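Coordinate analysis (summary)
Residue strings, one per chain:
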Amino acid sequence: MNIFLIGYMGSGKSTIGKQLAKVLGFGFIDLDRYIEQQEGLTVETIFAEKGELYFRKAESKHLKAVLDLNNSVVALGGGTPCYGNNMALIKACENAKSIYLKASIKTLAARLAEAQSTRPLIAHLKTRAELEEFIAKHLFERANYYSLSDVAIAVDDLEIEQIMERLVLKLF
Ligand SMILES: Nc1ncnc2c1ncn2[C@@H]1O[C@H](COP(=O)(O)OP(=O)(O)O)[C@@H](O)[C@H]1O
Ligand SMILES: O=C(O)C1=C[C@@H](OP(=O)(O)O)[C@@H](O)[C@H](O)C1
Ligand SMILES: [Mg+2]
């Protein structure tokens, strides 16, 4: 079985993915880290020096390499399901479950305010109001892709442990 974690930046894909893999005894792949290893550049540098289009093409290419793993948890990037035929490929995987970590704009903004500099799409935003406006519009564009996931979990106000418990119940 293969598990794909989907959701907006800051929803907890990387954090929950790592823990879930540990609990299940599965391998863990963070697609962003995998892209960095394969490209020999950080995500920030790829955006800055090669541009977002190059990143999206690399993301699709490297996604294909992690689709057919076994007993793995894969934390996708926030944009991964929303470009090209990525979500169709994820949905077409056999023995795979896609999980949407669904968080409110307020929760996402609070978490991302602490981590804007490592996320090129939001690094330039100055105030909390600008950040919230950006997330609201972006989430409106992306939510239809996220909602194609097999399972959705509302993560607002839940500790990581509580999310893990709910996830395991929904998965098995
Ligand atoms: N359930 C949670 N409660 C509180 N903080 C969380 C929770 N899940 C994630 N975080 C924090 O939110 C930030 C973004 O998490 P991360 O796993 O990097 O998200 P993503 O990979 O979806 O962008 C991190 O600082 C992480 O510690
Ligand atoms: O939402 C996006 O388009 C992106 C999300 C990031 O991953 P996280 O969702 O893990 O922050 C990373 O892939 C890149 O900065 C672009
Ligand atoms: Mg991540």
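Residues numbered from 1 in each chain as written. Chains lettered and ligands numbered in written order. Predicted model: local features only at pLDDT ≥ 70, side-chain atom pairs only at ≥ 80, totals over all residues. Heavy atoms only, no water.

Each regular strand shows side chains that alternate between the opposite faces of the sheet. Burial of the side chains of strand E3 (residues 72–75) extends over both faces: Ser72 and Val74 are buried on one face and Val73 and Ala75 on the other. As defined by bridge partners, strand E2 (residues 27–30) adjoins E3 across four bridges and the pair is classed as parallel. Within E3, the residue paired with Gly27 across the bridge is Ser72. (Buried < 20%, exposed > 50% of the residue type's maximum accessible area, 1.4 Å probe, protein only. Helix = DSSP H or I, 4+ residues; strand = E, 2+ residues; numbered from the N terminus. Pairing = 2+ DSSP bridges.)

Residues in close proximity to ligand 2 total 13 residues, the closest being Lys13, Asp32, Arg56, Arg119 and Arg142. Arg119 is positioned such that a nitrogen or oxygen atom in its side chain is 2.8 Å from an oxygen atom of ligand 2. Note that an oxygen atom of ligand 2 is positioned 2.7 Å from one of the side-chain N or O atoms of Arg142. Protein chains bury 96% of the 380 Å² of accessible surface belonging to ligand 2 in isolation. Class assignment of the residues belonging to the shell around ligand 2 gives a composition of five nonpolar, three polar and five charged. (Near = heavy atom within 4 Å. Polar contact = N/O pair within 3.5 Å; in protein donor to acceptor, adjacent residues only side chain to side chain. Areas by Shrake-Rupley, 256 points an atom, 1.4 Å probe, with all protein chains shown as cover. Nonpolar A, V, L, I, M, F, W, Y, C, P; charged D, E, K, R; others polar.)

Let us now look at helix H6 (residues 105–113). Taken together, the buried positions of H6 are occupied by Thr107, Leu108, Ala109 and Leu112. Residues of H6 that are buried in the fold lie against helix H7 (128–146). (Contact = heavy atoms within 4.5 Å.)

Once that is clear, we can look at helix H3 (residues 43–50). The set of residues buried in H3 consists of Val43, Ile46 and Phe47. Buried residues in H3, looked at end-on, bunch into an arc of 95°, giving them a common side. Across H3 from its buried face, at more than 90 degrees, point the exposed residues Ala48 and Glu49. Each element contacted by the buried residues of H3 is listed here: helix H2 (31–39) and helix H4 (52–66). (Arc of directions from axis to C-beta.)

Another point: unusual backbone geometry. Excluding glycine, a negative phi dihedral is what most residues carry, and trans is how most peptide bonds are arranged. One non-glycine residue, Asn71, lies in the positive phi region at around 50°. Of note in the backbone geometry, Asn95 takes a positive phi value of approximately 55° without being a glycine.

Among the structural elements, His138 can be located in helix H7. A relative accessible area of 10% means that His138 is categorised as buried. Once you skip the residues sitting within four places of it in the chain, His138 turns out to touch Tyr8, Met9 and Leu121.

Right, let's get into the UniProt feature "binding site: ATP" (unreviewed entry) in the protein chain. As annotated by UniProt and renumbered to match this structure, "binding site: ATP" (unreviewed entry) occupies Gly10, Ser11, Gly12, Lys13, Ser14, Thr15 and Arg119. What Gly10 contacts, discounting residues up to four positions off in sequence, is Leu108, Arg111, Leu112 and Arg119. Here Ser11 lies in the loop between strand E1 (2–6) and helix H1 (13–24). Within the local environment of Ser11, its side chain forms a polar contact with the backbone oxygen of Tyr8, the two atoms lying 2.7 Å apart. (UniProt positions renumbered as here; feature names shortened; annotations may be inferred.)

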